[in-house]
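If you want the building blocks of each chain, they are given just below.
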Amino acid sequence: MSKFDQARLGTKAVWGGEKEYLVHGATQVPVIPSVAFGYDDMDEWYDVAIGKKKGHIYGRNTNPTVQAFEDKVKVLEGAAAGTSFSTGMAAVSNTLYTFLFPGDKVVTIKDTYGGTNKLFTEFLHKLQIEVVFCETGNQKQIEEEVKKGCKMLYLETPTNPTVKITDIKQTAAAAKAVGALVVVDNTFATPVNQNPLELGADLVIHSATKFLGGHADALGGVVVGNDESLVEAIYHYREINGATMDPWAAYLLLRGMKTLDLRVKRQAENAMKLAQFLQTSDLVEGVFYPGLSTHPNHDIAKEQMKGFGGMLSFSVKGGVDTVRDLLPKLQFANRAANLGSVETTVGPARTTSHVECTPEERAAMGIPEGLIRVSCGIEDAEDILADFEQALKAVGYPVQA
Ligand SMILES: *Cc1c(COP(=O)(O)O)cnc(C)c1O
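Residues numbered from 1 in each chain as written. Predicted model: local features only at pLDDT ≥ 70, side-chain atom pairs only at ≥ 80, totals over all residues. Heavy atoms only, no water.

(A) The nonpolar core, seen in detail. One finds Phe69, Val107, Val146 and Leu153 to be the most contacted residues of the largest nonpolar core, which totals 48 residues. The residues that make up this core include at least three from each of domain 1 (9-257) and domain 2 (261-395). With residues up to four places along the chain from it excluded, the contact list for Leu153 reads Val107, Ile142, Val146, Thr171, Ala172, Ala175, Ala180, Leu181, Val182 and Val183. Counting 28 residues, the second-largest nonpolar core is a separate cluster that includes Leu274, Leu283, Leu312 and Phe388. (Core = buried A, V, L, I, M, F, W, Y, C linked by side-chain atoms within 4.5 Å. Buried < 20%, exposed > 50% of the residue type's maximum accessible area, 1.4 Å probe, protein only. Domains from an automatic or database assignment. Contact = heavy atoms within 4.5 Å.)

Shown next as structure tokens:
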């Protein structure tokens, strides 16, 4: 084992996956926008084209800047193989469409990301693929469904927006026993807080648009795993359907990832402080954060996560009307649909993660109309807390002493 393998995550985030891409003495990975890569030697060209020799042929297949991005994510997740995509949804859909065929069954949870949920409810059934939705956080139900036999167990933990937790280790073991593939969307946790491969997952997905990039200025997705043949199969499907990551996006995401460890730890600290603060407000009905001992899956979160992450949500009295009054009063927050950025970002579930659902459907999923999702930024906690305090006061509900 090299010294680098033993380095901690913050060090790996800075140095990981870059070395072989540094040319001309550059200390930073260059953007190589070239669409094609030329060869004077016809035999060498052929060897690269058939995969016998390392190299690049055409940008839809591979690109050095994009590959550096993949290599850094591989280092962070401790994975042997990885491939990237134009967006997180491309990573999700390519993974599903690579492995699922008519007659196959997927076991998943009710609270997957909105777009992922749409794939399950709207698109997969056209291919006669059966999807079984379990209560998120109900380990027993997930295990029982998996034991009946399935091709894939698809998890996401923590979930959007009520940050529910599923036990990856236990449900993955049940899936392994029936020969099912275990796929985990690790976007919310990030590799700083959770390593699904260590807990039994075969494939780990990220929307790199969120925490990995961290600056809300580039779209991207990635899948990593230890079985190279699985990742190769997804790569092959992607090189043909063309959902390729752009080299400029790869550069921004690479730059963002250098500070991943710093950012995510600060975001988790801020989230914990904000969650505790919100619990003291008369206006707040409930606070959802896996770091709180009141969270129903706090014990599992403590077991499988190294930190509780930067995402939380809370519900306010007065529902939509209060949300409409409260959110514009925040000074240090973007009111927007994204998450994982350095700026604190807030939004109601009814306009962000669950915009496609009816109020009744949201209620059935345990999402009150007055639910506000907060992606904590890296601002000073004192300022975030003071900002929420003044906003709550301004809508007429002072915080209890
Ligand atoms: C945003 C998100 C996605 C989709 O990623 P895009 O980059 O927006 O396509 C998938 N899963 C989770 C958990 C997300 O938050």
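(B) A look at the site of the ligand. With respect to spatial proximity, the complete set of residues near the ligand consists of Thr87, Gly88, Met89, Tyr113, Glu156, Asp185, Thr187, Phe188, Ser207, Thr209, Lys210 and Gly220. Gly88 has a polar backbone atom sitting 2.8 Å from an oxygen atom of the ligand. Thr209 places a polar side-chain atom, nitrogen or oxygen, 2.6 Å from an oxygen atom of the ligand. Coverage of the ligand by the protein amounts to 93% of the 380 Å² it exposes when considered alone. Counted by class, the shell around the ligand contains three nonpolar, six polar and three charged residues. (Near = heavy atom within 4 Å. Polar contact = N/O pair within 3.5 Å; in protein donor to acceptor, adjacent residues only side chain to side chain. Areas by Shrake-Rupley, 256 points an atom, 1.4 Å probe, with all protein chains shown as cover. Nonpolar A, V, L, I, M, F, W, Y, C, P; charged D, E, K, R; others polar.)

(C) Geometry of unusual backbone geometry. Between Thr157 and the following residue, Pro158, the backbone shows a cis peptide bond with an omega angle of -5 degrees. The omega torsion across Asn160 and Pro161 is -5 degrees, close enough to zero to call that bond cis. Note on placement: Pro161 falls in the loop between strand 4 (152-156) and helix 8 (168-177). Even without being a glycine, Gln128 presents a positive backbone phi close to 55 degrees. (Helix = DSSP H or I, 4+ residues; strand = E, 2+ residues; numbered from the N terminus.)

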